[in-house]
Amino acid sequence: SIFFSNLINIFFLFFFPFCHPMDPLTVAEILIVQTVLKESSRLGTANSNVLHYVVLELPEKEEVLAWLPGNPNLPRKAMVVMSVEGKPHKLIVDLKSKRVIEDQIVESSGRPPASFEELQLGLTLPHEDPRFLESIAARGLSLSDVLCLPLTGGWFGIPEEEGKRLLKFQCFDTNGTVNFYMRPVEGIAILIDLDSRQILSYYDRIKKPPVPKGEGTDYRLKVQQPPFVTPLNPISIEQPQGPSFKIEGHQVKWADWEFHIRPDPRAGMVISRVTLKDQTQQQQQQQDNKGHIQRSVLYEGFISEMFVPYQDPSEGWYFRTYFDAGEYGLGILALPLQPLDDCPAHAKYIDAVFAAPDGSPYVTPNMICVFERYAGDISWRHSEALLQNVQVREVRPKVTLVVRMVTSVGNYDYIVDWEFQTDGVIQVKTGLTGSLMVKATEMETIEHPTEDTSDGIHGTLVSENTIGVSHDHFLNFYLDLDIDGPKNSFVEGKLTRKVVQNSKFGRKSYWDMERHTAQTEEEARIKLTLTKPSEFHVVNTNKKTRLGNPVGYRLVPGATAASLMALDDPPQMRGAFTDNQLWVTAYNASEKWAAGFFPSQSHGDDGLAVWSNRNRGIENTDIVLWYTVGFHHVPCQEDFPIMPTISGSFQLKPTNFFERNPIVKTKPNFGQECADFT
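Remember, it's a predicted structure, so these values are computed and weren't measured experimentally.

## Considerations on the pattern of salt bridges
When the charged atoms of two side chains lie near each other, side chains of opposite charge can form a pair.
Link 1 in the chain: Scanning the model with the defined rule gives 30 salt bridges in all.
Link 2 in the chain: Its salt-bridge partner being aspartate 482, residue lysine 61 comes within 3.0 Å of it at the nearest N-O pair. Of this pair, lysine 61 sits in helix H3 (residues 61-66) while aspartate 482 sits in the loop between strand E25 (471-481) and strand E26 (489-499), placing them 421 residues apart in sequence.
Link 3 in the chain: Owing to a relative accessible area of 3%, aspartate 482 belongs among the buried residues under this scheme.
Link 4 in the chain: Between arginine 165 and glutamate 118 there is a salt bridge whose closest N-O contact spans 2.8 Å. Within this pair, whereas arginine 165 is found in the loop between strand E5 (146-151) and strand E6 (166-173), its partner glutamate 118 is found in helix H4 (residues 116-119), the two being separated by 47 residues in sequence. Exposure class is identical for arginine 165 and glutamate 118. Each is buried.
Link 5 in the chain: Linked by salt bridges that have partners in common, Lys61, Asp480, Asp482 and Asp622 make up one network.

Right under this line is the structure:
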């Protein structure tokens, strides 16, 4: 492997003389890490150590900002998270010297995520337990059809569970359908100790609801029977001259945008070093070779955590409060995108390279796609009918650039789009689809319940014997905005009603914006409400427009949701970043994950809410926004057997960033269909 590693290193050095300092680890670099860990006896068959993940250790932010293409490469390092003799370690491997330069134990109430091999325990361990065999036989099921999936168990202060790495398992009957999520084997609760690899506790309820039938649950096209949905004629967006964007390594250039994409095993994908060419500025600052100013907007942006608590407190469901990014990994669970269906024609794809549990590299092909979107939308327009002898019909089509990934976290598929617009807007959109997590019941209709429902059924009867359990989705985004540089401030503009006194025109009221610059982190904790509207600006007071306005961007929330759980409920304590929809903190390179470095089984003593309590100063300094897109999901029959996609989004929008509308000089289409507008 050393020879192979050196050979690949020579290849990359010859054909790629420099790499961007935020480029993900290559196959060669992961092989170096594997060799170093084996040679230091940290990894191998002779011990029980567990490798959780390997990622790029980013250089210091100041070094990245100072680096330019053509400069010498910054030192490349890898960060390794692994369990050594049962204790979580964070290691830093220097890839040039090929040695471990840091090795520290991570002191945390949380536990590292389970490895892929540990997640596979559900396929074998329950099948070796006589109690499980008896439970399956009592239900009349075939053992070969039963599949048990790993579920993180959370933390609830149960003494016998303290200090252990735990998983719980939910079992399903796969007979007759690929959509086995619709066929839960209800009532069985299995708790496994990952370190000892033993079943700690086993529970099977006395009253066993039937396994829902498999008929009508399969969503694949080949098994569908008429009548079909009324078909539509094919739609194709042509690009006869090819796409307008370029991908060079992991760097993307499109219109006036430049940015970097990095696949990540935990976050899925990271968008970084986002800059925008400004053709409205006359200043001669940092310029490209055409004399236009390339201005910084965003240093890094990604999904920091995804919190999915189910709203059923019963024996088999109370613990289902998942942190999908930190407990499983959005990138690890991302599968290859399907051309023409996940992404349109002319899309370009980016592969991901991750490390397997044994340290060897593997490739997820087509994990990310990049494409241009035109959906008939309008970028700007105006028609004028009041001028004599002048016809004014000005329309500009809206074409955007989309960067997309999809992660399949068990039953749910999450579609994540970063969409760049020519007017400087960045829209971030998340789509939720896939299969519901359902609960088996004896009920076949709600009009004739066959069991006690005095406490509610915690969801909706979506099919016979099948309850879609109510739950939430909270996706927290880490947004390190650098508007014309790192020194920024957060301004909340409160829209406030003003009363008109003694107006001779009869007007009684109007509203105005009252701006408040947050001095500390405590002042920048925001709960959204329709009755107290505000705008949320990140400004650089050191840079102003010609009219004296500080340059800035603002966060424009879309529809979202707030957590309804009690603040002292253990899942809410762990997911305390949902206490507010928007937070602002001082930049700290170690603070990236909203639920803490290890959210699995954590006590809520690490993460965004804890960091914000330090109440650091945030005026005219490097700051980070944390925004949560939330969904309350009460299932309905239309969600069965597969869910139509539901979406939420937010925008980052330039606000006094440009001297004027940056796309006023955009040219219209001049095809035959636009002849009337020429």
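## Focus: helix H5 (residues 130-138)
Link 1 in the chain: Among all positions in H5, only Phe132, Ser135 and Ile136 are buried. All buried residues of H5 fall inside an arc of 95° around its axis, so they share one side. Turned more than 90 degrees away from the buried face of H5 sit Pro130, Glu134, Ala137 and Ala138, all of them exposed.
Link 2 in the chain: On its buried side, H5 packs onto E5, E6, strand E7 (188-193) and strand E8 (198-204).
Link 3 in the chain: Where H5 begins, the side chain of aspartate 129 points an oxygen toward the backbone nitrogen of arginine 131, at a separation of 2.8 Å.

## Focus on the pairing of strand E11 (residues 257-264)
Link 1 in the chain: Taken across its eight residues, E11 has seven buried, putting it largely inside the fold.
Link 2 in the chain: Note: strand E10 (residues 251-254) against E11, four bridges, orientation antiparallel. Opposite valine 252, over in E11, you have phenylalanine 259 as the bridge partner.
Link 3 in the chain: Counting the residues between successive antiparallel strands, the hairpin from E10 to E11 contains two residues, one of them, alanine 255, with a positive phi of roughly 50°.
Link 4 in the chain: If you look at the hairpin formed by E11 and strand E12 (residues 268-278), you'll find three residues sitting between the two strands.

## Some thoughts on the sheet that holds strand E22 (residues 438-440)
Link 1 in the chain: Read across the open sheet, the three strands follow the order E22-E24-E23; overall the sheet is antiparallel. The open sheet terminates on both sides in strands that have one partner only, identified here as E22 and strand E23 (459-463). With strand direction ignored, the average angle separating the axes of adjacent strands in the sheet is 40°.
Link 2 in the chain: In this sheet, strand E24 (residues 466-469) lies alongside E22 in antiparallel orientation, the contact comprising three bridges. The partner of valine 438 across the bridge, within E24, is glycine 468.

## Quick notes on the state of the cysteines
Link 1 in the chain: If you walk through the whole model with that rule in mind, you get two disulfides.
Link 2 in the chain: A sulfur-sulfur distance of 2.1 Å marks the disulfide that ties cysteine 148 to cysteine 171. Its torsion about the S-S bond being 95°, the disulfide of cysteine 148 and cysteine 171 is classed as right-handed. In this pair, cysteine 148 sits in strand E5 while cysteine 171 sits in strand E6, placing the two residues 23 residues apart along the sequence.

## Looking at unusual backbone geometry
Link 1 in the chain: Residue proline 227 is bonded to the preceding proline 226 through a cis peptide linkage, with omega at 5°.
Link 2 in the chain: Within the secondary structure, proline 227 is located in the loop between E8 and strand E9 (246-248).
Link 3 in the chain: With an omega of 0°, the peptide bond between phenylalanine 640 and proline 641 qualifies as cis.
Link 4 in the chain: Within the element layout of this structure, proline 641 appears in the loop between strand E31 (623-633) and strand E32 (643-654).
Link 5 in the chain: Here aspartate 484, not a glycine, exhibits a phi torsion of approximately 55°, which is positive.
Link 6 in the chain: Looking at the secondary structure, you find aspartate 484 in the loop between E25 and E26.

## Thoughts on the packing of aromatic side chains
Link 1 in the chain: Taken as a whole and judged by the stated rule, the model has 25 aromatic pairs.
Link 2 in the chain: Summarising the aromatic geometry, the rings of phenylalanine 307 and phenylalanine 577 are spaced 6.4 Å apart at their centres and angled 65° between planes, so their arrangement reads as edge-to-face. In this pair, phenylalanine 307 sits in strand E13 (residues 293-309) while phenylalanine 577 sits in the loop between helix H7 (570-574) and strand E30 (582-586), placing the two residues 270 residues apart along the sequence. Note on accessibility: phenylalanine 307 and phenylalanine 577 belong to one class, buried.
Link 3 in the chain: Ring pairs connect the aromatic residues Phe302, Tyr478, Trp593, Trp611 and Trp626, which therefore count as one cluster.
Link 4 in the chain: The ring of tyrosine 299 carries the charged tip of lysine 61 above its face, separated from the ring centre by 4.6 Å.
Link 5 in the chain: Above the plane of the ring of phenylalanine 597 lies lysine 90, whose end atom (NZ or CZ) is 5.8 Å from the centre.

## With respect to the nonpolar core
Link 1 in the chain: Trp257, Phe259, Val297, Val403, Trp418, Phe420 and Leu479 are the most contacted members of the largest nonpolar core, which has 85 residues in total.
Link 2 in the chain: Not counting the four nearest positions on each side in its chain, tryptophan 257 is found in contact with Val252, Val274, Thr275, Leu276, Val297, Phe420, Gln421, Gly424, Val425, Ile426 and Tyr553.
Link 3 in the chain: Core analysis: the second largest hydrophobic core is formed by 27 residues, Phe577, Trp583, Ala594 and Ala595 among them.

## Examining the sheet that holds strand E1 (residues 50-57)
Link 1 in the chain: Strand order in the open sheet formed by four strands is E1-E2-E3-E4, with antiparallel pairing between adjacent strands. Two strands bound the open sheet, and with one partner strand each, they are E1 and strand E4 (99-105). Averaged over neighbouring strand pairs, the angle between their axes works out to 20° when direction is ignored.
Link 2 in the chain: Here strand E2 (residues 77-84) pairs with strand E3 (residues 87-94) via eight bridges, running antiparallel. By the bridge assignment for E3, valine 84 is matched with lysine 87.
Link 3 in the chain: Taken strand by strand, helix H2 (residues 27-39) contacts E1, E2, E3 and E4, and its axis lies near 45° from that of E2.

The rules behind these values
- Residues numbered from 1 in each chain as written.
- Predicted model: local features only at pLDDT ≥ 70, side-chain atom pairs only at ≥ 80, totals over all residues.
- Heavy atoms only, no water.
- Salt bridge = Lys/Arg side-chain N within 4 Å of Asp/Glu carboxyl O.
- Helix = DSSP H or I, 4+ residues; strand = E, 2+ residues; numbered from the N terminus.
- Buried < 20%, exposed > 50% of the residue type's maximum accessible area, 1.4 Å probe, protein only.
- Arc of directions from axis to C-beta.
- Contact = heavy atoms within 4.5 Å.
- Polar contact = N/O pair within 3.5 Å; in protein donor to acceptor, adjacent residues only side chain to side chain.
- Pairing = 2+ DSSP bridges.
- Axes fitted to C-alpha atoms, helices over the stretch in contact; angles between N-to-C directions.
- Disulfide = S-S within 2.5 Å.
- Phe/Tyr/Trp six-rings, centres within 6.5 Å; stacked < 30°, edge-to-face > 60°.
- Lys NZ or Arg CZ within 6 Å of the ring centre and 35° of its normal.
- Core = buried A, V, L, I, M, F, W, Y, C linked by side-chain atoms within 4.5 Å.

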